[in-house]
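If you want the building blocks of each chain, they are given just below.
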Amino acid sequence: MNREQLISIIDDAVNREDDSYTFYKDAAEKAEDPQTKSLFERLSKEELKHKDYLQKFLETKAETIKIDDSEDYNLSQDIDRPRMTTEMNFTDAIKLAIKREEEAMQLYADIANSCLDKAEKDIFAGLSKMEKMHKTE
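Analysis parameters
- Residues numbered from 1 in each chain as written.
- Predicted model: local features only at pLDDT ≥ 70, side-chain atom pairs only at ≥ 80, totals over all residues.
- Heavy atoms only, no water.
- Phe/Tyr/Trp six-rings, centres within 6.5 Å; stacked < 30°, edge-to-face > 60°.
- Buried < 20%, exposed > 50% of the residue type's maximum accessible area, 1.4 Å probe, protein only.
- Lys NZ or Arg CZ within 6 Å of the ring centre and 35° of its normal.
- Helix = DSSP H or I, 4+ residues; strand = E, 2+ residues; numbered from the N terminus.
- Contact = heavy atoms within 4.5 Å.
- Salt bridge = Lys/Arg side-chain N within 4 Å of Asp/Glu carboxyl O.
- Axes fitted to C-alpha atoms, helices over the stretch in contact; angles between N-to-C directions.
- Parallel < 35°, antiparallel > 145°, perpendicular 65-115°, else oblique.
- Left-handed = near helix turned anticlockwise from the far one by under 90°.
- Nonpolar A, V, L, I, M, F, W, Y, C, P; charged D, E, K, R; others polar.
- Polar contact = N/O pair within 3.5 Å; in protein donor to acceptor, adjacent residues only side chain to side chain.
- pLDDT = per-residue confidence, 0-100.

1. Some details on the packing of aromatic side chains
Enumeration over the complete set of coordinates arrives at two aromatic pairs. Considering the side-chain rings of Phe23 and Tyr24, the 5.5 Å spacing of their centres and the 70 degrees angle between planes classify their relative orientation as edge-to-face. For Tyr24, a relative accessible area of 0% gives the class buried. Put simply, the rings of Phe23, Tyr24 and Phe40 touch in pairs and so form one group of aromatic residues. Above the ring of Phe23, the side-chain terminus of Arg100 is found at 3.9 Å from the ring centroid. Positioned above the aromatic ring of Tyr24 is the side chain of Arg100, whose terminal nitrogen or guanidinium carbon lies 5.5 Å from the ring centre.

2. What about the environment of Phe40?
Tracing the sequence through the fold places Phe40 in helix α2 (residues 34–60). Residue Phe40 is classed as buried on the basis of its relative accessible area, which comes to 0%. In sequence terms Phe40 and Ala27 are 13 residues apart; their C-alpha atoms lie 6.3 Å from each other. Once residues lying within four places of it in the same chain are set aside, the contact partners of Phe40 are Tyr24, Ala27, Ala28, Met84, Met88 and Ala93.

3. Brief notes about the pattern of salt bridges
A complete count under the given rule lists eight salt bridges for this structure. Measuring nitrogen to oxygen at the nearest pair gives 3.2 Å for the salt bridge that ties Lys56 to Asp52. Placement of the pair is Lys56 and Asp52 together in helix α2, with a separation of four residues, close to one helical turn. For Lys56, a relative accessible area of 46% puts it in the partly exposed group. Taking the shortest distance from any N to any O, the salt bridge between Asp122 and Lys118 comes out at 2.8 Å. Within this pair, Asp122 and its partner Lys118 are both found in helix α4 (residues 118–136), separated by four residues, close to a single helical turn. Classification of Asp122 as partly exposed rests on a relative accessible area of 28%.

4. Focus: the packing of α2 against helix α3 (residues 90–114)
At their nearest, the axes of α2 and α3 sit 8 Å apart, and the two run at 20 degrees to each other. With respect to their mutual orientation, α2 and α3 come out roughly parallel. Once α2 is placed against α3, the crossing between them reads as right-handed. Each of Gln35, Thr36, Leu39, Phe40, Leu43 and Glu47 in α2 lies in contact with α3, whose residues at this interface are Phe90, Ala93, Ile94, Ala97 and Glu101. The class makeup of the residues in the contact of α2 with α3 is seven nonpolar, two polar and two charged.

5. Remarks on the environment of Lys118
Residue Lys118 is classed as exposed on the basis of its relative accessible area of 59%. A polar side-chain atom of Lys118 sits 2.8 Å from a polar atom in the side chain of Asp122.

6. Let's talk about the confidence of the model for the protein
Atomic detail in the predicted coordinates should be set aside for any region of low pLDDT. Mean pLDDT for the protein: 78, with 82% of residues reaching 70 or above. Per-element confidence in the protein ranges from a low mean pLDDT of 76 for α4 to a high of 87 for α2.

Following this line, the structure appears as C-alpha cells:
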C-alpha cells in the first residue's frame, strides 16, 4: 500500500467518524429520555475527538497511530443491535452504541490482519483500538 492509498483509507476513517458524530448528534436531539440524550451527546463529542485525531495524523504525515490498548470484556457478543427510535430507552441506546463501535472496531481489525506491511498493520490496529475505547467505556 502506498502513501496515497493509506491517506485515502484514513480519509475514509475521518468520514466514518463524521458520520458517527452526525448519527449520535441526531440521536441525542431525538432522544426523549434524558439519560439516553446525555449518552448520545457524549458519544458525539468523542467522535469529533477521533475525527480531529485522524485529521492531525494526516496533517503531520505520521507513520503510526499509537493508542493504548483497552480491555475488551466481550459484553457485546450476546447483544442484538436495536433499531434507533425516538422512544429508545437508555439500555437500548447503550446496546446500539456498542454494536456500532464494535462494527467499526472489527472493520479496522480485519484490515490490520490483512496487511503484510508492519507499519500499515500498526496503523489499522491503532484505528481498531480507537474504536474499542468507545465499546468499553
